[in-house]
Amino acid sequence: MMRGEGTEIVGLEADRLGQAAAMLGRAFDDDPMSAYLFPDAANRQRKLAWSMGCMLRFAMDHGVVETTTAMDGLAAWIRSDL
């Protein structure tokens, strides 16, 4: 996927954590493992967003989380020495 003009890769700021977690909840909503872990489709996105938020907070504390200015993707790295 090519980055569009004006799209910049930036570190995820704490005030955008909820937006990032919601984006990941939507992205993984139809994933088979997500359906297995959260079988209630009506609540799956909300539960995924909560769990993704927990993982993102950990990654922000112990690694690096980057996204784009448009929040159309995200990458997280956790240090290997933990």
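Residues numbered from 1 in each chain as written. Predicted model: local features only at pLDDT ≥ 70, side-chain atom pairs only at ≥ 80, totals over all residues. Heavy atoms only, no water.

**Concerning the packing of helix α1 (residues 17-27) against helix α3 (residues 41-62)**
When two helices pack together, their arrangement is given by the angle between their axes and by how far apart the axes lie. Close contact between α1 and α3 brings their axes to 7 Å; oriented N to C, the two are set at 130 degrees. The angle between α1 and α3 places the two elements in the oblique class. Here the hand of the crossing between α1 and α3 comes out right-handed. For the pair α1 and α3, the contacting residues are Leu17, Ala20, Ala21, Ala22, Leu24, Gly25 and Arg26 in the first and Gln45, Leu48, Ala49, Met52, Gly53, Leu56, Arg57 and Met60 in the second. Among the residues forming the contact of α1 with α3, the class breakdown is 10 nonpolar, three polar and two charged. (Axes fitted to C-alpha atoms, helices over the stretch in contact; angles between N-to-C directions. Helix = DSSP H or I, 4+ residues; strand = E, 2+ residues; numbered from the N terminus. Parallel < 35°, antiparallel > 145°, perpendicular 65-115°, else oblique. Left-handed = near helix turned anticlockwise from the far one by under 90°. Contact = heavy atoms within 4.5 Å. Nonpolar A, V, L, I, M, F, W, Y, C, P; charged D, E, K, R; others polar.)

**Focus: the pairing of strand β2 (residues 63-68)**
Taken together, the three bridges between strand β1 (residues 9-11) and β2 define a ladder with antiparallel strand orientation. By the bridge assignment for β2, valine 10 is matched with threonine 67. Bridge analysis of β2 against strand β3 (residues 74-78) gives five bridges, and the strand direction is antiparallel. Bridged to glycine 63 within β3 is isoleucine 78. (Pairing = 2+ DSSP bridges.)

Just geometry here; none of it tells us what the structure is for.
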